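# Secondary and tertiary structure notes
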Amino acid sequence: MLLRAAWRRAVSAVTAAAGSRPATPSRGLRLRVVDHAPQSAVHSDAAPEAEPVLRPLYMDVQATTPLDPRVLDAMLPYLINFYGNAHSRTHAYGWESEAAMERARQQVASLIGADPREIIFTSGATESNNIAIKELEAAIQPDTSLVSVMTVNNEIGVKQPIAEIGRICSSRKVYFHTDAAQAVGKIPLDVNDMKIDLMSISGHKIYGPKGVGAIYIRRRPRVRVEALQSGGGQERGMRSGTVPTPLVVGLGAACEVAQQEMEYDHERISKLAERLIEKITKSLPDVVMNGDPKHHYPGCINLSFAYVEGESLLMALKDVALSSGSACTSASLEPSYVLRAIGTDEDLAHSSIRFGIGRFTTEEEVDYTAEKCIQHVKRLREMSPLWEMVQDGIDLKSIKWTQH
Amino acid sequence: MAATSRAQVLDLYRAMLRESKHFNAYNYSSSFPWPCSQRMYAVRRIRDAFRENKNVKDPVEIQNLVNKAKRDLEIIRRQVHIGQLYSTDKLVIENQEKPRT
């Protein structure tokens, strides 16, 4: 009872604070810097004012995902006892590491309908993209070209018609690359059905470790790529450097788990997405969902709240880890190029928030997020002069703003 | 080895749920073994998986499923323990949650 009261006080103190930056004092309450070192039974004596800091909910799965415990479990032996270099040919440490690497390769291949010889491990989807695009420069014929398309967009969740694009490229003898980082393990993909020649895969988007990915390179008909990284000739000469066994084992385990869980996850995530959108749109007017609702991956919801500035809403929702637009471009203040490309008005583009729903998202987290979102949008709209004008029936588009 | 009996399957089911609920250990020192959502995922997933397969008749398939469940039980045991070693602060939502049965 007492503890609960103390928690409530701590939470209300936290929500009363102006921002979530640890060093900013506000109303005399200094937020303790979240200590990321493991806290055993002994509390760290660094912060005597041990007001417990509550961690925000995680609703930003497009930026990165937590490790599935099944993945961590698969990786740990290779971080503890099985530490051999997979390319050492002369002893058991090398052989067991190589066996693990090849098992992982098979797990990745199986998820996308490929042959294991067509999977090259890289440091992530970005490296894979670079290898694929560089292939364009390595091409000799003048009319060779490459089409590169994201399978599922990371900002608005739209699914591209990959199979149709593949068919067109195949008939015109043009190489087809797709960055499937947000799609692998979430929607069914088959490189042969969809006539994909090159595919980039990212580990940390599918509940696997960061720092690893793969590139799928078709063998029949052979797609030639030029290596970005030269050295000892590992990975068929296409990507030199010791393959990091613990990481690729994690990627393989993540792919295997994803293959098993795809249908179950998709159904749950779809229901949760519907729930979130329904709750928000039922209580708030003037909310726009960005992206084609028919060809859409449910776990990535991008909403624009008219007359509310996106960054201020994000700061207000500090109990929930969210983002507006993609993490890659979050440092700049420009509105998202994706939203601009789909024709979103600039003012709506500035007020977009991306909600990510993943394998571990609970109904309670969705409800909490929806409630906070509704609460803060209402509050911010109350403060907005534009909202006031709209309530008075003024058409904002008819206003001629004076120029300075 | 005798075919897995109904009683054994139920024992396994109970063992897995029990183990997963260790993620739910209410702990006054503000440390939770796992992110709340992963704990709830485990309990929910186990229930749904056993429910999904309850009408399987083929004894070979039953044995395969039971073996996989036993391996998963070991994974849960290990990962609960590791989670407890590396625990951190609760999520904002956890102090508001009513305890789940």
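In this report, the structure presented in the accompanying data block is examined. These numbers come from a predicted model, not from an experiment. (Residues numbered from 1 in each chain as written. Chains lettered and ligands numbered in written order. Predicted model: local features only at pLDDT ≥ 70, side-chain atom pairs only at ≥ 80, totals over all residues. Heavy atoms only, no water.)

### So, the overall build of chain B
What counts is decided by this rule: Under the DSSP-based scheme used, a helix requires at least four consecutive residues in state H or I and a strand at least two consecutive residues in state E, with every element numbered from the N terminus. Here's how the labels work: a residue is buried when its accessible area is under 20% of the maximum for its type, exposed when over 50%, partly exposed in between, all with a 1.4 Å probe on protein chains only. Any pair of residues with heavy atoms lying within 4.5 Å of one another is described as a contacting pair. Per-residue and other accessible areas follow the Shrake-Rupley method at a 1.4 Å probe size, with only the shown protein chains counted as cover for residues.
Helix and strand counts for chain B stand at three helices and zero strands. Secondary structure of chain B in N-to-C order comes out as α-α-α. Scored against the burial criterion, the 101 residues of chain B give a buried share of 41%. Counting contacts in chain B only where the partners sit at least 6 residues apart, residues at least 24 apart contribute 78% of the total. Taken as a whole, chain B presents about 6,200 Å² of accessible surface, with 56% of it coming from carbon and sulfur.

### A word on unusual backbone geometry
Residue and element names in this part refer to chain A. Here the residue pair R220 and P221 is connected by a cis peptide bond, since its omega of -5° sits within 30 degrees of zero. With respect to the helices and strands, the residue P221 is situated in the loop between β6 (213–217) and α7 (245–283). Phi is positive for K173, close to 60°, though the residue is something other than glycine. Of note, K173 is situated in the loop between α6 (162–171) and β4 (175–179). Residue K173 is classed as exposed on the basis of its relative accessible area of 73%. Look at Y307: it is not a glycine, yet its phi comes out positive at around 70°. With respect to the element layout, Y307 can be found in the loop between β8 (300–305) and α8 (310–316). Assessed through its relative accessible area of 24%, Y307 is described here as partly exposed.

### Examining α7 of chain A
Threshold: For a helix, the expected span equals 1.5 Å multiplied by the residue count minus one. We define the bend at each residue as the angle formed by axes fitted to the 7 residues ending at it and the 7 residues starting at it.
Compared with an ideal rise of 1.5 Å per residue, which puts 39 residues at 57 Å, α7 of chain A spans 50 Å between its outermost C-alpha atoms and falls more than 12% short. Along α7 of chain A, the helix axis deviates most sharply at E261 of chain A, where the bend reaches about 60°.

### Some remarks on the packing of helix α4 (residues 92–112) of chain A against α7 of chain A
Residues and elements named next belong to chain A. Selection rule: Here, axes are lines fitted to C-alpha atoms. For helices the fit covers the stretch in contact, and angles between N-to-C directions go from 0 to 180 degrees. For a crossing to be left-handed, the near helix must be turned anticlockwise from the far one by less than a right angle; the clockwise case is right-handed. By the convention adopted, Pro, Cys, Tyr, Trp, Phe, Met, Ile, Leu, Val and Ala count as nonpolar, Lys, Arg, Asp and Glu as charged, and the other residues, Gly among them, as polar.
Packing of α4 against α7 leaves a shortest axis separation of 8 Å and a crossing angle of 35°. The way α4 lies across α7 gives a crossing that is left-handed. In this structure, α4 uses S97, A100, M101, A104, Q107, V108, S110 and L111 to contact α7, whose residues at the interface are T245, V248, V249, L251, G252, A253, C255, E256, A258, Q259 and M262. Along the lines of polarity and charge, the residues of the contact of α4 with α7 split into 12 nonpolar, six polar and one charged.

### Brief notes about empty space enclosed by the protein
Residues and elements named next belong to chain A. Here is the rule we go by: Points on a 1 Å grid, built from protein atoms alone, make a cavity when a 1.4 Å probe fits but cannot get out and make a pocket when they are open with protein on both sides within 12 Å along at least 5 of 7 lines; residues with an atom within 4 Å of a point are the lining residues. Grid points are joined across faces, edges and corners, and a volume is the space filled by probe spheres set on the points.
Counted by the stated rule, this structure contains three cavities of 30 Å³ or more. One number sums up the size of the largest cavity: a volume of about 90 Å³. Taken together, V184, G185, K186, I206, Y207, A258, M262, D265, H266, I269, Y297 and R359 make up the full set of residues lining the largest cavity. Looking at side-chain class alone, the lining of the largest cavity contains seven nonpolar, two polar and three charged residues.

### Some details on the side chain of D73 of chain A
The test is simple: Here a polar contact is recorded for every N or O atom pair within 3.5 Å, except that within protein the pair must consist of a potential hydrogen donor and a potential acceptor, and residues adjacent in sequence are included only if both atoms are side-chain atoms.
Within the fold, D73 of chain A resides in helix α2 (residues 69–75). A polar contact is formed between the side chain of D73 of chain A and the side chain of Q79 of chain B, at a distance of 3.0 Å. Setting aside residues up to four positions removed in sequence, D73 of chain A forms contacts with I75, R78 and Q79 of chain B.

### Some thoughts on the nonpolar core
Rules: To define a nonpolar core, start from buried Ala, Val, Leu, Ile, Met, Phe, Trp, Tyr and Cys residues and group those joined through side-chain atoms within 4.5 Å.
One finds F121, M199, L251, I280, F305, F355 and I357 of chain A to be the most contacted residues of the largest nonpolar core, which totals 74 residues. Among the elements that make up this core, the one with the highest residue count is α7 of chain A (12 residues). When neighbours within four sequence positions are excluded, F355 of chain A is seen to be in contact with M59, Q62, L276, I280, G299, C300, I301, L303, F305, L322, T369 and C373 of chain A. Counting residues in each nonpolar core, the second largest holds 11 residues, with L12, A15, I46 and V80 of chain B among its members.

### Focus: the packing of helix α1 (residues 6–21) of chain B against helix α3 (residues 59–85) of chain B
Residue and element names in this part refer to chain B. How we decide: An angle below 35 degrees is treated as roughly parallel, one above 145 as roughly antiparallel, one from 65 to 115 as roughly perpendicular, and anything else as oblique.
Running from amino to carboxyl end, α1 crosses α3 at an angle of 20°, the nearest separation of the two axes being 10 Å. The angle between α1 and α3 places the two elements in the roughly parallel class. Note that α1 runs across α3; the crossing there is left-handed. When α1 is examined against α3, the residues V9, L12, A15, M16, E19 and S20 are found in contact with a partner set consisting of V66, A69, K70, D72, L73, I76, R77 and V80. Of the residues that constitute the contact of α1 with α3, the class distribution is nine nonpolar, one polar and four charged.

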